[in-house]
Amino acid sequence: MSKTVDLNADMGESFGPWTMGDDAALLDIVSSANIACGFHAGDPDVMARTMALARDNGVGIGAHPGFLDLQGFGRRKMQVPHGTLANMIRYQLGAARGMAQAAGTEVRHLKLHGALSNMACTDHAMARACYEAALDVDPDIIIMVLAATAMEEVVRELGCNWCGEIFADRAYNDDGTLVDRALPGAVIHDPALAGPRILQMVEEGAIITESGKRIPAAIDTICLHGDTAEAVELAASVRSSLTAGGIAVRTFSGRRG
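Residues numbered from 1 in each chain as written. Predicted model: local features only at pLDDT ≥ 70, side-chain atom pairs only at ≥ 80, totals over all residues. Heavy atoms only, no water.

Draft legend 1. Representation of the overall build of the protein chain in the model. Of the regular secondary structure elements, the protein chain holds eight helices and eleven strands. Scaling as 2.2 N^0.38, a compact globule of 257 residues should have a C-alpha radius of gyration of about 18 Å, and the protein chain matches this with 17 Å. The contacts in the protein chain between residues at least 6 apart in sequence include a share of 72% that link residues at least 24 apart. In the form shown here, the protein chain has an accessible surface area of approximately 10400 Å², with 52% of it arising from carbon and sulfur atoms. The averaged location of the 32 negative side-chain charges in the protein chain is 3 Å from the averaged location of its 21 positive side-chain charges. (Helix = DSSP H or I, 4+ residues; strand = E, 2+ residues; numbered from the N terminus. Rg over C-alpha atoms; globule rule 2.2 N^0.38 Å. Contact = heavy atoms within 4.5 Å. Areas by Shrake-Rupley, 256 points an atom, 1.4 Å probe, with all protein chains shown as cover. Lys, Arg positive; Asp, Glu negative; His and termini not counted. Charge placed at Lys NZ, Arg CZ, Asp CG, Glu CD.)

Shown next as structure tokens:
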């Protein structure tokens, strides 16, 4: 049986007349879409349009909740009580499910955004509060986690449906977390580098850090950020490299335990 992997991208992050990224072009390349739920980006009209495009392209739809931080694009750390955080996740997932149902489709997965995701990568209690809240709304939803972090430990403990993610356009620290965006080299902009790098990780079943360390990882899906200038070129490079390496791109099915 040939090896397969999913490609996902964050999208639906435009707001009113302001446009972020080229979602239509990305939806021709990826197999899963993480759609903003209005807290860090997006609005009801953008959600509706993006979900309809994903539906028409046969792309799996995911809710992409973040902190209530439109001005900071959800990338500013916020200290939120876990009870309030849980309600924020339920609220955003509920909105995504409602919009998807109206579009004749469904939300398959959930992926945390930005600073919320970065914090949950190292904070077990925070990750658990978010994921238990999502499972309250949909016990069968697939939780997308950053592989080899506290997130993965939590979903394994919960025994829920999950998938492991790595990033095509981000550098890694030796503990499996992402290099801070404020540091040089944190974001990979060169498509010629991104594609072969990801192919190597998938073939080895491991995250390759900046220092060259290998961290064994469950690689079910690869993230391609939609908000960078080179997003479409990076996505195309990753997909073509995987295909050339004999790895098929297909929507993930999730795993348990």
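Draft legend 2. Molecular detail of the nonpolar core. One finds Leu 110, Tyr 131, Ile 143, Ile 222 and Leu 242 to be the most contacted residues of the largest nonpolar core, which totals 78 residues. What Ile 222 contacts, discounting residues up to four positions off in sequence, is Val 5, Asp 6, Leu 7, Asn 8, Ile 166, Ala 168, Ile 198, Val 202 and Leu 242. (Core = buried A, V, L, I, M, F, W, Y, C linked by side-chain atoms within 4.5 Å. Buried < 20%, exposed > 50% of the residue type's maximum accessible area, 1.4 Å probe, protein only.)

Draft legend 3. Structural detail: helix H3 (residues 82-102). For H3, built from 21 residues, the straight-helix expectation of 30 Å at 1.5 Å per residue is met to within 8% by its first-to-last C-alpha distance of 30 Å. Residues of H3 that are buried include every one of Leu 85, Ala 86, Met 88, Ile 89, Gln 92, Leu 93, Ala 96 and Ala 100, and no others. An end-on view of H3 places all buried positions within 160° of arc, on one side of the element. Turned more than 90 degrees off the buried face of H3, the exposed positions are Tyr 91, Gln 101 and Ala 102. Lining the buried residues of H3 we find helix H2 (44-56), strand E3 (60-64), strand E4 (109-111), helix H4 (114-120) and helix H5 (124-137). Positive backbone phi, approximately 75°, marks Gly 104, located one or two places after H3. (Expected span 1.5 Å × (residues − 1). Arc of directions from axis to C-beta.)

Draft legend 4. Layout of the pairing of strand E1 (residues 4-11). With seven of eight residues buried, E1 is to be regarded as a mostly interior element. In this structure, E1 lies alongside strand E10 (residues 248-249), joined through two bridges in parallel fashion. Bridging from a neighbouring strand, Val 5 pairs with Val 249 of E10. Taken together, the four bridges between E1 and strand E9 (residues 221-224) define a ladder with parallel strand orientation. In the sheet register, Ala 9 faces E9, and the bridge partner there is Leu 224. Where E1 meets strand E2 (residues 32-36), four bridges bridge the pair, whose relative direction is parallel. Of the residues in E2, the one forming a bridge with Asn 8 is Ser 32. (Pairing = 2+ DSSP bridges.)

Draft legend 5. Inspection of the side chain of Thr 221 at higher detail. The residue Thr 221 is located in strand E9 in this model. Polar side-chain contacts of Thr 221 include one of 2.5 Å to the side chain of Asp 6. (Polar contact = N/O pair within 3.5 Å; in protein donor to acceptor, adjacent residues only side chain to side chain.)

Draft legend 6. Highlighting H5. End to end, H5 covers 20 Å across 14 residues, agreeing with the expected 20 Å (1.5 Å per residue, within 8%). Those residues of H5 that fall on the buried side of the exposure criterion are Met 126, Ala 127, Ala 129, Cys 130, Tyr 131, Ala 133, Ala 134 and Leu 135. Looking at the buried side of H5, the elements it contacts are H3, E4, H4, strand E5 (142-146) and helix H6 (150-158). Measuring from the side-chain oxygen of the N-cap residue of H5 to the backbone nitrogen of Ala 125 gives 3.2 Å; that N-cap residue is Asp 123.

Draft legend 7. Structural detail: the pattern of salt bridges. Counted according to the given criterion, the structure contains twelve salt bridges. Among the ionic pairs, Arg 90 bridges to Asp 136, the shortest N-O distance being 2.9 Å. Residue Arg 90 is located in helix H3, and its partner Asp 136 is located in helix H5; the two are separated by 46 residues in the primary sequence. Taking relative accessible area as the criterion, Asp 136 reaches 52% and is therefore assigned exposed. Taking the shortest distance from any N to any O, the salt bridge between Glu 204 and Arg 214 comes out at 3.0 Å. With Glu 204 in helix H7 (residues 191-204) and Arg 214 in strand E8 (residues 214-216), this residue pair connects regions lying ten residues apart in the sequence. (Salt bridge = Lys/Arg side-chain N within 4 Å of Asp/Glu carboxyl O.)

Draft legend 8. The environment of Ile 222, seen in detail. Summarising the element assignment, Ile 222 is placed in strand E9. The class of Ile 222 is buried, set by a relative accessible area of 0%. Sequence separation of Ile 222 and Leu 7 is 215 residues, and the distance between their C-alpha atoms is 4.8 Å.

Draft legend 9. Quick look at the side chain of Asn 161. With respect to the helices, strands and loops of the structure, Asn 161 is situated in strand E6 (residues 161-167). Within polar-contact distance, the side chain of Asn 161 engages the backbone nitrogen of Arg 255 at 3.2 Å. In this view, Asn 161 contacts Asp 140, Ile 141, Ile 142, Ile 143, Ser 253, Gly 254, Arg 255 and Arg 256; residues no more than four positions away in its chain are not counted.

These results come straight from atomic positions and should not be treated as a statement about function.
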